[in-house]
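The lines below spell out each chain.
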Amino acid sequence: MLRGPPIAVTCECGEKRDLHYGEAWTCEGCAKRWNTQQIPREQYELIRRTQLRFRVLPVAFGLVVAAAATFFIATGNVFSVFVLLPVAMMTWFIFLRPAHRKRYRRAIAQLPRWALRPE
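None of the values given here were measured: they were computed from a predicted structure.

Colleague: I tried to follow the pattern of salt bridges on my own but got confused; where do I start?
Modeller: A pair can form between side chains of opposite charge whenever their charged atoms are brought close. Tallied over the entire structure, the rule returns 4 salt bridges. The shortest N-O distance in the salt bridge between Glu-119 and Arg-33 comes to 2.5 Å. Of this pair, Glu-119 sits in the segment after helix H2 (78–109) while Arg-33 sits in strand S4 (residues 33–35), and the two are 86 residues apart along the sequence. On the accessibility criterion, Glu-119 (54% relative accessible area) is exposed. Under the relative-accessibility criterion, Arg-33 is labelled partly exposed at 36%. Notably, a salt bridge pairs Arg-48 with Glu-45, separated by 3.1 Å at the nearest N-O pair. A residue pair is termed a helical-turn pair when its members lie 3 or 4 positions apart in one helix, as Arg-48 and Glu-45 do in helix H1 (residues 41–74) at 3 residues. Judged by relative accessible area, which is 22%, Arg-48 ranks as partly exposed.

Here it is as structure tokens:
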């Protein structure tokens, strides 16, 4: 089973459920069965790869900041950590995150969407 973003399934009766790829769900309200394997595996894999690709920047930025903080602590320059952390957070939240989100939304908008049918 692919572990990617959840697939939001809304039954015709109004019940909602988030499922992983390959899962099936029988609606408690109307007993209709929904199967996410109706989605082509290649298309879901494309979504999964896009999601993973956009997770790299925040993790890499966090690792660089943590490495710099560790370096400052190891060299005895603890005061620099108190400067580094606010500057890193401002850099992330003011400059990097908005641009990253805009690129992510643009990439997601180009991905396929599906209309599942009950079995």
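The discussion continues.
Colleague: Any chance you could explain the packing of aromatic side chains here in plain terms?
Modeller: We describe a pair of aromatic rings using the distance from one ring centre to the other and the angle between the two ring planes. Taken as a whole, this structure holds 4 aromatic pairs when the rule is applied. Considering the side-chain rings of Tyr-21 and Tyr-44, the 4.9 Å spacing of their centres and the 20° angle between planes classify their relative orientation as stacked. Taken as a pair, Tyr-21 in the loop between strand S2 (16–19) and strand S3 (24–26) and Tyr-44 in helix H1 lie far apart in primary sequence, 23 residues in all. No difference in accessibility class separates Tyr-21 from Tyr-44, as the two residues are buried. Taken together, a centroid distance of 5.9 Å and an interplanar angle of 55° make the contact between Phe-71 and Phe-72 tilted. A relative accessible area of 22% means that Phe-72 is categorised as partly exposed.

Colleague: Would you take a moment to explain the pairing of strand S1 (residues 7–10) for this structure?
Modeller: The two faces of a sheet get side chains in turn, since along a regular strand they alternate between them. In S1, alternate side chains face the same way, and those of Ile-7 and Val-9 are buried while those of Ala-8 and Thr-10 on the opposite face are not. Bridging between S1 and S2 involves 4 bridges; their strand directions are antiparallel. Within the sheet, the bridge partner assigned to Ile-7 lies in S2 and is Leu-19. Where S1 hands over to S2, the hairpin turn is made up of 5 residues, of which Gly-14 adopts a positive phi near 110°.

Colleague: Explanation requested: the side chain of Thr-50 in the structure shown.
Modeller: Mapped onto the elements of the fold, Thr-50 is located in helix H1. By relative accessible area, Thr-50 is classed as buried at 6%. At 2.9 Å, the side chain of Thr-50 forms a polar contact with the backbone oxygen of Leu-46. If we skip the residues at most four places from it in the chain, Thr-50 touches Tyr-104, Ala-107 and Leu-111.

About the criteria used
Residues numbered from 1 in each chain as written. Predicted model: local features only at pLDDT ≥ 70, side-chain atom pairs only at ≥ 80, totals over all residues. Heavy atoms only, no water. Salt bridge = Lys/Arg side-chain N within 4 Å of Asp/Glu carboxyl O. Helix = DSSP H or I, 4+ residues; strand = E, 2+ residues; numbered from the N terminus. Buried < 20%, exposed > 50% of the residue type's maximum accessible area, 1.4 Å probe, protein only. Phe/Tyr/Trp six-rings, centres within 6.5 Å; stacked < 30°, edge-to-face > 60°. Pairing = 2+ DSSP bridges. Polar contact = N/O pair within 3.5 Å; in protein donor to acceptor, adjacent residues only side chain to side chain. Contact = heavy atoms within 4.5 Å.

By themselves, these are just geometric observations and shouldn't be taken as functional.
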